[in-house]
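# Survey of secondary and tertiary structure
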Amino acid sequence: MPYRHADRRSRGRTAPFRHVLCGALALLAGLPALQSSAATRHSTSQDPAPTQLSIQVNNDRLTLAVAKAPQIYLAGVIDADAPQRFESMMRSGKIANGSDIYLNASGADLHAGIALGRLFRQGSMVTHLGTQRRQRGAPAKPALCTDACVYAYLGGLYRWAPTGADRIGFPAQMAVDPKASADPDDTSAYLKEMDIDQSALAPLLTAAHADPAWLPADQLIAARIANNGRLPLTATYQVQNGEPYLTLAEVKRGGQHRMSLECRRDGVLFTAYNAVGAEHAKQIVAHGARSFVEVNHAESYPPQQDYATVQDDAVVIARTYPGAQLGSLISATTLGAWVRDRNSMLRYGFEFELGGLDHILRKYYQACWEYAPWQVAKKS
C-alpha cells in the first residue's frame, strides 16, 4: 500500500505507533511462537527500588517489525541516579539512538529530568506518554507525566502530544519570565536549548490557573511544544547560477518534504519533493491519475505538466508559473502538492503552512523581480 500523507489538520491528532504495536501484539497473543524465550531475551529492564525510575526496554523482533524502533518505557519516580543508569544503557547498546521513549513518571528532582532530556536529544529519541500492557489483551493504563518528567519529555527531538486518557502537567515555574542565566540547569536556559518557545508556553500555563497545568494536545501542538514527528518548516534563500532560489523544507521522522521556487527566463519554476522511499514513490506515480498544486487549499493554475515523476526516493511535481503569479505563491497561507489515485478518492502528498516566514519570502520576492528578464521585457 503506498504511503499516504495526511493533511496538517489531521496530523495533530494522529496516535503514536504504540497503539499500532499494542494492537498487533493483541492479535498475535495466542501464537505460541511469540511466547518463546527468544522474545524475552530481547526485552531488558532495570528493576527499580521503590523510589527509583523503572527502565523497560522492548526490542524484540515483533516490536522492531511493527514499530520500526525500540520501545523504552520509563515509569515511576525520576530519581537522581536515573540519568546515569539510562546513559549506561545507551553506552552498552541496550538503548539505541532513535528509540521511542514512553513516559509515565513524576519526581521532584528537576535536574535529573533535565539530564534525561539532554540524553534523549543526544540520541535523537522520540518522546511519548504511555504505559506498557501488563497482560496480553488488557488495555494499557493511562499515563501521567508531571514535574521532572515534563523536563525529560521536552528533550525528545520529536515529541508526540498525549492521546486518549494520557495527561501531561506542566509546572507553573515554566511560566517565569526568561532571564539570562549562567546556570545550565536553569529552566529558561534548558527550554531554549531544546528549541521550546517559552513565550508561547507561558501564556498557556498562566491561563490554566493551576499547578500543574494540564495542557491538551491541541494547545501543545499550536505552541509547538509537541511536534508529532515533525521539525519546524525552514526557508532558505540563495542565488544559483545567477538566479534567485528559495527552498522550503520540513524534516519529519524518517524523511523530508521540500519545495523550491526558482526564478527563470520563462517564469517561476515550482518543484515539490515528497520523500517517501523509492518503492512507495514508484507505486504512487504508477497509480496516480493526475498531480496538482494547491494554493490556500485551492487548486492552482495553469495545470500544465499534469503528471508526477520519481527522482531517487521522492515523488516530484513540477510547474512553471508566469512571473505575474509569483506574488500569489509567496503571499499564500498554505502551499500543497498532491497526486490523486486513479482507483480511489485518496490523494498522496503534503502541505506547508507558511506562517512566520514573511521576512525571507519578501526578500526572495524582491530579488526575483529585480532579476527576472521577463519583468525587464514587460517594463520596456
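Keep in mind the model is a prediction, meaning the values are calculated, not measured. (Residues numbered from 1 in each chain as written. Predicted model: local features only at pLDDT ≥ 70, side-chain atom pairs only at ≥ 80, totals over all residues. Heavy atoms only, no water.)

### What about the sheet that holds strand β16 (residues 309–311)?
Pairing in this open sheet of six strands is antiparallel, and the strands run β10-β11-β12-β13-β17-β16 from one edge to the other. Sheet topology places β10 (234–240) and β16 at the edges, where each strand pairs with a single neighbour. Across the sheet, the axes of successive neighbouring strands diverge by a mean angle of 25 degrees, strand direction being ignored. Relative to strand β17 (residues 314–321), β16 is paired through three bridges, and the arrangement is antiparallel. Bridging from a neighbouring strand, Q311 pairs with A314 of β17. (Pairing = 2+ DSSP bridges. Helix = DSSP H or I, 4+ residues; strand = E, 2+ residues; numbered from the N terminus. Axes fitted to C-alpha atoms, helices over the stretch in contact; angles between N-to-C directions.)

### Here's the deal with the state of the cysteines
In protein structure, a disulfide is the covalent linkage between the sulfur atoms of two cysteines. Counting across every chain of the model gives two disulfides. The partner cysteine of C145 in its disulfide is C149, sulfur to sulfur 2.1 Å. Judged by the torsion about the S-S bond (-110 degrees), the C145/C149 disulfide is left-handed. The pair C145 / C149 is uniform in exposure class, with both members buried. (Disulfide = S-S within 2.5 Å. Buried < 20%, exposed > 50% of the residue type's maximum accessible area, 1.4 Å probe, protein only.)

### Some words on the sheet that holds strand β15 (residues 298–299)
Judged by pairing direction, the sheet is antiparallel, and its four strands sit side by side in the order β15-β14-β18-β19 without closing on themselves. The sheet is open, and its two edges are formed by β15 and β19 (347–353), each paired on a single side. Bridge count between strand β14 (residues 288–295) and β15: two bridges; the pairing is antiparallel. Looking at β15, one finds that E294 is bridged to E299.

### Quick look at the nonpolar core
Nonpolar side chains tend toward joint burial in soluble globular proteins. By size, the foremost hydrophobic cluster in this structure holds 48 residues, and its most contacted members are L74, I78, F86, I95, L154 and F170. Here the element with the most residues in this core is helix α7 (residues 148–153); it accounts for six residues. Those residues in contact with F170, other than ones at most four positions away along the chain, are V150, L154, L201, L205, D211, P212, A213, L215, L220 and I225. Of all hydrophobic cores here, the second largest spans 35 residues; its members include M259, I284, Y364 and C368. (Core = buried A, V, L, I, M, F, W, Y, C linked by side-chain atoms within 4.5 Å. Contact = heavy atoms within 4.5 Å.)

### Side note on helix α6 (residues 110–122)
Over its 13 residues, α6 runs 18 Å from end to end, which matches the ideal 18 Å to within 8%, given 1.5 Å per residue. Restricting attention to buried positions, one finds in α6 the residues A112, G113, I114, L116, G117, L119, F120 and R121. A distance of 3.3 Å separates the backbone nitrogen of H111 from a side-chain oxygen at the start of α6, and that oxygen is part of D109. Backbone geometry just downstream of α6 places S124 in the positive-phi region, at approximately 50 degrees. (Expected span 1.5 Å × (residues − 1). Polar contact = N/O pair within 3.5 Å; in protein donor to acceptor, adjacent residues only side chain to side chain.)

### Some remarks on the packing of aromatic side chains
This structure, assessed with the given rule, holds seven aromatic pairs. Seen in terms of ring centroids, Y237 and Y364 are 6.2 Å apart; in terms of plane orientation they differ by 70 degrees. Their pairing is edge-to-face. Linking Y237 in strand β10 with Y364 in helix α13 (residues 358–371), this pair joins segments that are 127 residues apart in sequence. With a relative accessible area of 23%, Y237 lands in the partly exposed category. Among the residues examined, Y364 registers a relative accessible area of 0% and is labelled buried. With centroids separated by 5.0 Å and ring planes inclined at 55 degrees, the aromatic side chains of F350 and F352 adopt a geometry described as tilted. A relative accessible area of 1% places F350 in the buried class. Taking the ring centre of W214 as reference, the NZ or CZ of R167 above it sits at 4.1 Å. Directly above the ring of W338 sits R347, whose terminal nitrogen or CZ lies 3.8 Å from the centroid. (Phe/Tyr/Trp six-rings, centres within 6.5 Å; stacked < 30°, edge-to-face > 60°. Lys NZ or Arg CZ within 6 Å of the ring centre and 35° of its normal.)

### What to know about the packing of helix α5 (residues 82–91) against α6
Contact geometry of α5 with α6 gives a least axis separation of 8 Å together with a crossing angle of 20 degrees. By the angle between their axes, α5 is roughly parallel relative to α6. For the pair α5 and α6, the crossing hand works out as left-handed. Contacts from A82, P83, F86, E87 and M90 in α5 reach A112, A115, L116, L119, F120 and Q122 in α6. Residue classes in the contact of α5 with α6 are distributed as nine nonpolar, one polar and one charged. (Parallel < 35°, antiparallel > 145°, perpendicular 65-115°, else oblique. Left-handed = near helix turned anticlockwise from the far one by under 90°. Nonpolar A, V, L, I, M, F, W, Y, C, P; charged D, E, K, R; others polar.)

### Details of the pattern of salt bridges
One pass over the structure, following the stated rule, counts nine salt bridges. The residue E193 makes a salt bridge to R118 at a minimum N-O spacing of 2.8 Å. Residue E193 is located in helix α8 (residues 187–193), and its partner R118 is located in helix α6; the two are separated by 75 residues in the primary sequence. The exposure class of E193 is partly exposed, given its relative accessible area of 40%. One salt bridge connects E299 with R290, and the closest N-O pair in it is separated by 2.5 Å. You can call E299 partly exposed: its relative accessible area is 28%. (Salt bridge = Lys/Arg side-chain N within 4 Å of Asp/Glu carboxyl O.)

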